[in-house]
Structures are given as C-alpha cells and as structure tokens.
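These are the residues of each chain, in order.
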Amino acid sequence: MIDIAELEQYFPDKDNIIEEGPFTFRIVLSQDIEDDIFAVNLKIRQADTKEGHLIKFKLGIGKDRESDSKTHKGNLPHFEIEIYKREESSFAANIYFMFEDLSDEVLLNYGKGTLVIISKIIERFIHTHRLNKEILTKIIFSDAVHKELNKYEPILIDALYECYKNSNLVVRQKGEAIVIKTPHNLTKYLSADDLNPLYLPLFNKASKK
C-alpha cells in the first residue's frame, strides 16, 4: 500500500475549497491504510447561475473498495475522470483507466505523474477561464511539482496508453459501458480544452501506433 503523505507536501492545504469567480477548486487526498484504499483528486465545480453551463469536473488516481460495478473494478488502482457539462445538450461521463495489480513503487510513480497532470490542468483552466493567476499557489505548489516530478509524467502517460491499448479504458455514460479502442473514440470522450494536458500526449501516442 502506498503512503500518500509523500504527495501531500505539494499542496498548501488539502481538502480546502478555493473559490474564484463562479468556480470552486478542491484537492482531495484521502487514505485508509487498513482497507487499502486511497484517492488523489482534483475537483472543479462551477456555480449554477442558470445562465451559463454548469461544469463538474474530477480527475485523479485512486483505489476503492470492491463493488459490483460492471464498468470498472474499483478495488484495483485506476485513473478516473468525471465530467459534467450542461450546454445546449448535457454531457456527462465517467472515464476509467484501469490498471492491473501494481507494486507500491510503480503506483506511487503514477501518483507523482498524476500531480503533474493536475498542475497542468489547473494552470490551463485558470488561463482559459481568465481567472486570477494568484489562486494557483493556493491550490498546488506547481513550481515544485514541475521541478521535482516532471519525469513521472511520461511514465503515467505510457501507463494510460497501455490501458487504452489493452482495452482497459472504459467510459460509463447513461448507464452504458463503452470500451475505448480507437483514436476516434479517444477524441470523442477526452477531447476537451480543459483536458488537453492529458488528452494530447495520449492521442499522439495512440495515433502513431
């Protein structure tokens, strides 16, 4: 079982909710060593103003208790993305990259790579939505993340690509489970501006192969 304490040092205040404009940002780091579960997640949510679209976005790595879900085996380590957008037509999906059993060292490396992706997504989100750049330091120590953990990002991307290649990338949408096997479907479900730090390197690998 990994100890996520090594990851906590990159966040100024875990579980704290940071508000900026209509958005709230929250980093969730939790662990239950006895039950062998953990979660490292970024959550972004937009207030429902009844005028614009409503965004609910979660991304991270974790391991849950065993469940009866046919979409993913939560008791195995997985990288998860949850998206909800209400525009002209609502879009909601849960995307699971499901890993096989891993050593603690490998899983911790994936966790470090996840922090790099989280940092890049927050940075892009702040830029895209023209938010105050100063809130970045309230959410994550991005300079330290990039300086110390950047080498783990390609390790994570390679692992996510292996999930895609081995049909262990599954989308749950409207009660249906869809296995993503083609670059086309990769684009359909992951091609969102806020997800580009994850989507683009993954799509490039899938296209070349």
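Reading the values: the criteria
- Residues numbered from 1 in each chain as written.
- Predicted model: local features only at pLDDT ≥ 70, side-chain atom pairs only at ≥ 80, totals over all residues.
- Heavy atoms only, no water.
- Phe/Tyr/Trp six-rings, centres within 6.5 Å; stacked < 30°, edge-to-face > 60°.
- Helix = DSSP H or I, 4+ residues; strand = E, 2+ residues; numbered from the N terminus.
- Buried < 20%, exposed > 50% of the residue type's maximum accessible area, 1.4 Å probe, protein only.
- Lys NZ or Arg CZ within 6 Å of the ring centre and 35° of its normal.
- Expected span 1.5 Å × (residues − 1).
- Contact = heavy atoms within 4.5 Å.

Caption draft 1: Examining the packing of aromatic side chains more closely. Summed over the entire model, instances satisfying the criterion amount to 6 aromatic pairs. A centroid spacing of 5.0 Å and a plane angle of 85 degrees characterise the contact between Phe23 and Phe125, whose relative ring orientation is edge-to-face. A residue pair is termed long-range when its members are at least 10 positions apart, and Phe23 in strand E2 (residues 23-32) and Phe125 in helix H2 (residues 104-128) qualify at 102 residues. Residues Phe23 and Phe125 agree in their burial class; the two are buried. Each member of the aromatic cluster is reached from another via a ring pair, and the members are Phe23, Phe25 and Phe125. Residue placement shows Lys205 over the ring face of Tyr161; its charged tip is 5.4 Å from the ring centre.

Caption draft 2: Inspection of H2 at higher detail. Under the 1.5 Å per step criterion, the end-to-end length of H2 is 36 Å for 25 residues, consistent within 8% with the ideal 36 Å. Arg130, located one to two residues past H2, shows a positive phi value of around 55 degrees.

Caption draft 3: Focus on the environment of Lys138. Relative to the assigned elements, Lys138 resides in helix H3 (residues 136-139). It is 15 Å that separates the C-alpha atoms of Lys138 and Lys120, two residues lying 18 residues apart in sequence. Not counting the four nearest positions on each side in its chain, Lys138 is found in contact with Pro12 and Ile18.

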